[in-house]
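Next come the chains, spelled out residue by residue.
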Amino acid sequence: MEFKGADILSAKQFNRGDVETVLKTAARALQYASKKKWSDILKNKLLASLFFEPSTRTRLSFETAMIRLGGSVVNSVGTQTSSLSKGETLLDTGRVIEKYADVIVMRYSQENSAEELARGAAVPVINAGDGSNEHPTQALTDLFTIQQELGSIDGLKVAMVGDLKYGRTVHSLSYMLSHFDVEMTFVSPETLKMPEHICRSLKEKNVKFKETFDMGEALREANVLYMTRIQKERFEKEKEYEKVKNSYILTREMIEQKNPKLLIMHPLPRIAEIAQDVDDLQGAAYFRQVANGLAVRMALLTMVLGKTL
Amino acid sequence: MEFKGADILSAKQFNRGDVETVLKTAARALQYASKKKWSDILKNKLLASLFFEPSTRTRLSFETAMIRLGGSVVNSVGTQTSSLSKGETLLDTGRVIEKYADVIVMRYSQENSAEELARGAAVPVINAGDGSNEHPTQALTDLFTIQQELGSIDGLKVAMVGDLKYGRTVHSLSYMLSHFDVEMTFVSPETLKMPEHICRSLKEKNVKFKETFDMGEALREANVLYMTRIQKERFEKEKEYEKVKNSYILTREMIEQKNPKLLIMHPLPRIAEIAQDVDDLQGAAYFRQVANGLAVRMALLTMVLGKTL
Amino acid sequence: MEFKGADILSAKQFNRGDVETVLKTAARALQYASKKKWSDILKNKLLASLFFEPSTRTRLSFETAMIRLGGSVVNSVGTQTSSLSKGETLLDTGRVIEKYADVIVMRYSQENSAEELARGAAVPVINAGDGSNEHPTQALTDLFTIQQELGSIDGLKVAMVGDLKYGRTVHSLSYMLSHFDVEMTFVSPETLKMPEHICRSLKEKNVKFKETFDMGEALREANVLYMTRIQKERFEKEKEYEKVKNSYILTREMIEQKNPKLLIMHPLPRIAEIAQDVDDLQGAAYFRQVANGLAVRMALLTMVLGKTL
């Protein structure tokens, strides 16, 4: 992929070489992401940060990335303060915002919304989450974290746990991982299984994966355990939710007994699905993921803006 | 008008010379508005961007203008997060915000609200829309667009279509146009006619205008067609709204048959009142208006802050 | 107190020397707060401004302070757009935001919330109001204002009027004042008296104070009258509220008759508790307080970031 001027809309755009290019650039960005240095490489560049769906973490990650590289930011949060609430199409929104900004980041509740905005905008658009569809910059952050923590991605067993049906981060992550020599295990309740179109796509590429309800078994075999939140709203009956919720809580005891070297990741926010006493295990990487996300977003912003970090 | 230190509250403040001064400065600002260059003329100046009423486009236009000229921005969006919701007067708000900022831009739902804020604030205040009253910077944007697209404003026939009663942009535009040698046609349903006080003021100045319900006729004669959105909320009966809505939809066929050279403008957001296939006609200027709006706001910000672009 | 790297969570942290250090630094910051000069001492420093509870004035005060000293800002306003609404703990929020920012300012509706955030964040956290508990930077602003207006704090009689039970500014102010040789008078309705734990703490330190319902008497004796807003929501019966509200309205006549030299302060927003014709009395310092608050916040931000103004 030619990154300069590109829209970053889906994990599916990336081949293995593209992923590796991003990870290499992110590694160079770490000195800025870790707050050791400040750059001015994006001076005189303006990011429009449009978060029509609530998010503090991802939005601040992009805005911080832009600012720490010397760039500027304008933003809009929520739909009620926007032209969209008056009935404007995303295509028109794109045509307007491109007049202001050099690059646009958008989160919106509807699938493929970033694509529609990008059709209107001549400047690069980065998808920061479109409903339960995709979240490609989070997937790149996850791969970067695995590489940083374990040295490489090839040869690993990666288990993903929780809401695999609506969890956009695991969708994007599965696509990205499929370019590497990995085995995936999808751990979820029956009603929240990985969508069929993703499983089919993995099969076509001969990627090894299995599905299970049993977190304990997956935990024992995996090198990486990727936890996600299970949302109450996804269940018709509260009772069913309570049952499921309690089966997917990761405790310190489980890790120490079954797999002390396990790398534990989570896209955050974490609620109860990882017990707090897991946090100071060496393998608990989920807060380190945050700084890695900053580095990955710094890498993407500079690349689509045609700069070299 | 002495622009340095001035409040920009109403189109009525501007005489022809004032308008021409703004348009000349806006023309020089276009190189920055078009993203070709970045300036630092407003370095060490801070804009407080107070949008108590929803708006993405206008707010980001002002903030982008400030930032691309090297200035800084603090902002507040919505009333629920403000002291106004606790009962503070706008006069007091002005007295507080002037301590922080070098210039204030405000949108608020009540008529003459910018004026009240300006009474409290020693720094320049720019009205970005006060209820259905005025929106002077949009009117200047519209005049600048006409001039950029057609070379001059004098001698033109300008038709305004849609909700002329509550549409603050057409109110401010009518005042501004009255300084030029133009003929205006006001096209609206009976219930949404241009307010009497505006018509009276035009008559006093011997400005030629007529009122009609028939968009087709206006379309044929006009050099400029200024479309606006008709809002459902303005009608008591949904049926009446549906009838009116459908009479004021501009299609590609209408333009190609009746007036292919027509300049088509719209303050945006556009909903259904301009069909999407109009967008790539040469006369469709509404997205070019956006960049022009940036230039006009750059001009006003520098002028009230006493700088020369 | 060693300020570099410190969290500013409570007025109780400050001894007299600490307060004096802040006031001295604030005096040097006044040239920047008064908009005469612009500094770049906080260049390459990023403030995360997290206002989960509504506030325009305090938030813009911190953000303006940061920007006018050359620093940068990312912010988040309201809870509905944050991970907290998804159930994240403040501890986790702290662990995330510290990856982005060099200093964090937070307002939140719950007592001791800033403390919990600070436990997660390795960077300095400044409490900008935690429920009805504390608001230490406002108290420092108040002391700075008294010093600027009257030359010194020692030897003064300070009356606080209004909602002393839920008013976090008067809580923090009482603690701070207790290090000085002052006499305090607490004027409030029976149901909104100063909390017992604060009175007890003052007694232990042998600070002279008295409690009364009579604003008139307090007014006559005081050097400083600190007014606060009485909120309707604090009363069970509207009738009771109306009675109380009217007993605590400060008028120009009262001041001119009883104590023309009185210094009048208010944390703002002011609703009806100070009549508008008081505003142009020489002693009416509440709008000057705003610029002083900017200077105090400039002082604190530079100090916790290890810089010297």
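Residue and element names in this part refer to chain B. Here four strands make up an open sheet; going across it, the order is S2-S1-S3-S4 and the pairing parallel. Looking at the sheet topology across the chains shown, the edges are occupied by strand S2 (72-77) and strand S4 (125-130). In this sheet, neighbouring strand axes are inclined to one another by 10° on average, regardless of whether the strands run parallel or antiparallel. Examined bridge by bridge, strand S3 (residues 103-108) and S4 share four bridges and lie parallel to one another. Residue pairing in the sheet places Met106 in a bridge with Asn127 of S4. Against the sheet, helix H3 (residues 90-100) engages strand S1 (46-51), S2 and S3, with an angle of about 150° to S1.

Below, the discussion takes up the nonpolar core. Counting residues in each nonpolar core, the largest one holds 315 residues, and the members touching the most others are Ile104 of chain A, Ile104 of chain B together with Ile104 of chain C. When near neighbours in sequence (up to four residues on either side) are disregarded, Ile104 of chain B contacts Ala48, Leu50, Ile97, Leu117, Ala121, Val123 and Val125 of chain B.

This part covers the relation of the copies chain C and chain B. Of the transformation placing chain C onto chain B, the axial shift is 0.0 Å and the rotation is 120°, giving an RMSD of 0.0 Å. Considering both components of the superposition, the chain copies are consistent with a three-fold axis.

For the rest of this paragraph, the subject is the sheet that holds strand S2 (residues 72-77) of chain A. Read across the open sheet, the four strands follow the order S2-S1-S3-S4 (chain A); overall the sheet is parallel. In the strand order of this sheet, the two ends are held by S2 and strand S4 (125-130) of chain A, each with one partner. The sheet shows a mean angle of 10° between the axes of neighbouring strands, direction not considered. Across the sheet, helix H2 (residues 57-68) of chain B touches strand S1 (46-51) and S2 of chain A, and the angle it forms with S2 of chain A is around 170°.

Here we take up the interface of chain C and chain B. With 21 residues of chain C in contact, the opposing surface of chain B contributes 20 residues. Looking at the side of chain C that touches chain B, the elements with two or more residues in it are helix H2 (57-68) and helix H11 (288-304) of chain C. The element contributing the most residues to the side of chain C that touches chain B is H2 of chain C, with seven residues. Of the residues belonging to the side of chain C that touches chain B, the class tally is 12 nonpolar, four polar and five charged.

This part takes up the environment of Thr169 of chain A. All names here are of chain A. The residue Thr169 is located in helix H6 (residues 168-177) in this model. On the basis of neighbour counts, which here come to 26 C-beta atoms within 10 Å, the residue Thr169 falls in the buried class. Separated by 102 residues in sequence, Thr169 and Ile271 have C-alpha atoms that sit 16 Å apart. Among all residues touching Thr169, those that are not within four sequence positions of it are His135, Gln138, Ala139, Thr228 and Pro267.

Glancing now at the environment of Gln148 of chain B. All names here are of chain B. Within the fold, Gln148 resides in helix H5 (residues 136-150). Residue class for Gln148 comes out partly exposed when judged on the 18 C-beta atoms lying within 10 Å of it. Between the alpha carbons of Gln148 and Ala27 there is a distance of 8.5 Å; along the sequence they are 121 residues apart.

Attention now goes to the domain arrangement of chain A. All names here are of chain A. Domain assignment breaks chain A into domain 1 (11-134 + 293-304) and domain 2 (136-289). On the side of domain 2, 17 residues touch domain 1, which itself brings 22 residues to the contact. Every element with two or more residues in the side of domain 1 that touches domain 2 is listed here: helix H1 (16-33), S4 and helix H11 (288-304). In terms of residue class, the side of domain 1 that touches domain 2 is built from 11 nonpolar, six polar and five charged.

Reading the values: rules and limits
Residues numbered from 1 in each chain as written. Chains lettered and ligands numbered in written order. Predicted model: local features only at pLDDT ≥ 70, side-chain atom pairs only at ≥ 80, totals over all residues. Pairing = 2+ DSSP bridges. Helix = DSSP H or I, 4+ residues; strand = E, 2+ residues; numbered from the N terminus. Axes fitted to C-alpha atoms, helices over the stretch in contact; angles between N-to-C directions. Contact = placed C-beta atoms within 7 Å. Core = buried A, V, L, I, M, F, W, Y, C linked by C-beta atoms within 7 Å. Buried ≥ 20, exposed ≤ 12 C-beta atoms within 10 Å, placed from the backbone. Least-squares fit on C-alpha atoms with pLDDT ≥ 70 in both. Nonpolar A, V, L, I, M, F, W, Y, C, P; charged D, E, K, R; others polar. Domains from an automatic or database assignment.

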